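Working through the structure, step by step
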Amino acid sequence: MIKVIEAKGDTIEAALQNALAQLGLDRDDTSYDYEVVKRPKSGFLGFGKEPAVVKVTLEASPAGKAKDFLEGLLIRFGTPAEITVTEDAAEKTIHMELSGPNMGAVIGRRGDTLDALQYLTSIVTNKDEEDRWRVTVDTENYRAKRETSLVQLAKKTAQKALKYRKSVALEPMNPHERRIIHSALQEVEGVTTYSTGNEPNRKVIVAPTDSQPADAGAQQQPKKKSEKSGSSNRRRRRRRPSGSKPAEGTTVEITEE
């Protein structure tokens, strides 16, 4: 992204300093070019005096684009924040840490708002870039806390799947969070994980390794024929006592508390 700004001053140097101040740059910075639009005129006895005008052109770095966009977006949302940017040019990564008085609203329900801000910032940052930059936005160490919570949830869900010998469906998650669940249970013996459904309702299923998805098993069950002609196949259903475990092969859905 290219920024162009014009500024005035009594001298060319003063006009340049005014322009750099508006861009937040120092005189020794090498990321800008400038052009003298108009030289100053001293006039005569104060009449006909005109200031110098310079035009400064700045080609913003990916990190600069990301910060400018996110900063403006937060201001429009009424939640301004201080943004600390860490850029790794070799790895093509940009990490942005937010701090401010109303970060709960920035995070949103289970990080939904924070994820949306990160997604939009990534799109703007990578526009017109030859290489893909990975942008992350975080505040109050939320990402690490959320990952810890998901790992704990994955382990509890695996224990439940093994105990009751049934598949367990987690609530819908974004791709990053689903990867955390898969990774957390990759080395756990006796369970397997897979994703099902379409975005944004795609979810992770945790199942015993020797079980089949409930819907697949149901499709393969053949109908039984009556052994005696004329006899009724109807059977009275018994109610399952309260507190008993579900039958094997069923899938239950759980949500985080």
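Analysis parameters
Residues numbered from 1 in each chain as written. Predicted model: local features only at pLDDT ≥ 70, side-chain atom pairs only at ≥ 80, totals over all residues. Heavy atoms only, no water. Helix = DSSP H or I, 4+ residues; strand = E, 2+ residues; numbered from the N terminus. Expected span 1.5 Å × (residues − 1). Buried < 20%, exposed > 50% of the residue type's maximum accessible area, 1.4 Å probe, protein only. Arc of directions from axis to C-beta. pLDDT = per-residue confidence, 0-100. Contact = heavy atoms within 4.5 Å. Patch = residues over 30% accessible without salt bridge, like charges linked within 9 Å, V, L, I, M, F, W, Y side chains within 5 Å. Areas by Shrake-Rupley, 256 points an atom, 1.4 Å probe, with all protein chains shown as cover. Salt bridge = Lys/Arg side-chain N within 4 Å of Asp/Glu carboxyl O. Pairing = 2+ DSSP bridges. Axes fitted to C-alpha atoms, helices over the stretch in contact; angles between N-to-C directions.

Glancing now at helix H4 (residues 112–126). Its 15 residues give H4 an end-to-end C-alpha distance of 21 Å, which sits within 8% of 21 Å, the value for a rise of 1.5 Å per residue. All of the buried residues along H4 are Leu114, Asp115, Leu117, Gln118, Thr121, Ser122, Thr125 and Asn126. One face of H4 carries all of its buried residues, which in axial projection span an arc of 160 degrees. Directly beyond the C-terminal end of H4, a positive phi value near 65 degrees is found at aspartate 128.

Attention now moves to the environment of threonine 121. In this structure, threonine 121 sits in helix H4. By relative accessible area, which is 0% here, threonine 121 ends up buried. In the structure, threonine 121 is positioned 48 residues away from leucine 73 in sequence and 9.3 Å away in space, judged by C-alpha atoms.

Of the residues in the chain, 80% reach a pLDDT of 70 or more, and the chain-wide mean stands at 83. Looking at the elements of the chain, mean pLDDT is at its lowest for helix H7 (residues 214–220), recorded as 39, and at its highest for strand S5 (residues 93–99), recorded as 97. Segment residues 214–238: pLDDT under 50, and seven contacts once partners within four positions in sequence are set aside and those in other chains are kept.

With respect to the helices, strands and loops of the structure, glutamate 140 is situated in the loop between strand S6 (134–139) and helix H5 (142–164). Every residue in contact with glutamate 140, bar those within four places of it in the chain, is listed here: Glu97, Leu98, Met103, Ile107 and Lys145.

Our focus in this paragraph is a nonpolar patch on the surface. On the surface, a nonpolar cluster with roughly 310 Å² of combined accessible area is contributed by Tyr119, Leu120 and Ile123. Its location among the elements puts tyrosine 119 in helix H4. The exposed category is assigned to tyrosine 119, whose relative accessible area is 56%.

The subject of this paragraph is the sheet that holds strand S4 (residues 82–88). Reading across from one edge, S4-S5-S6 is the order of the three strands in this open sheet, with mixed pairing throughout. Unpaired on one side and paired on the other, S4 and S6 mark the two borders of the sheet. Going across the sheet, the axis of each strand differs from the next one's by a mean of 15 degrees, ignoring polarity. The sheet contact formed by S4 and S5 spans seven bridges and is antiparallel. Each residue of the ladder has a partner; that of isoleucine 83, found in S5, is leucine 98. With respect to the sheet, H4 is in contact with S5 and S6, its orientation differing from that of S6 by roughly 150 degrees.

A few words on H5. The terminal C-alpha atoms of H5, which comprises 23 residues, lie 33 Å apart, in line with the 33 Å expected from a rise of 1.5 Å per residue. Among all positions in H5, only Tyr142, Arg146, Leu150, Leu153, Ala154, Thr157, Ala158 and Ala161 are buried. Phi for arginine 165, located one or two positions after H5, is positive at around 55 degrees.

Within this structure, the stated rule accounts for ten salt bridges. Residue arginine 110 is joined to glutamate 171 by a salt bridge in which the shortest nitrogen-to-oxygen separation is 2.7 Å. Here arginine 110 is found in the loop between helix H3 (103–107) and H4, whereas its partner glutamate 171 is found in the loop between strand S7 (167–169) and helix H6 (175–184), with 61 residues between them in sequence. Exposure remark for arginine 110: the relative accessible area of 26% places this residue in the partly exposed category. Judged by relative accessible area, glutamate 171 falls into the buried class, the value being 10%.

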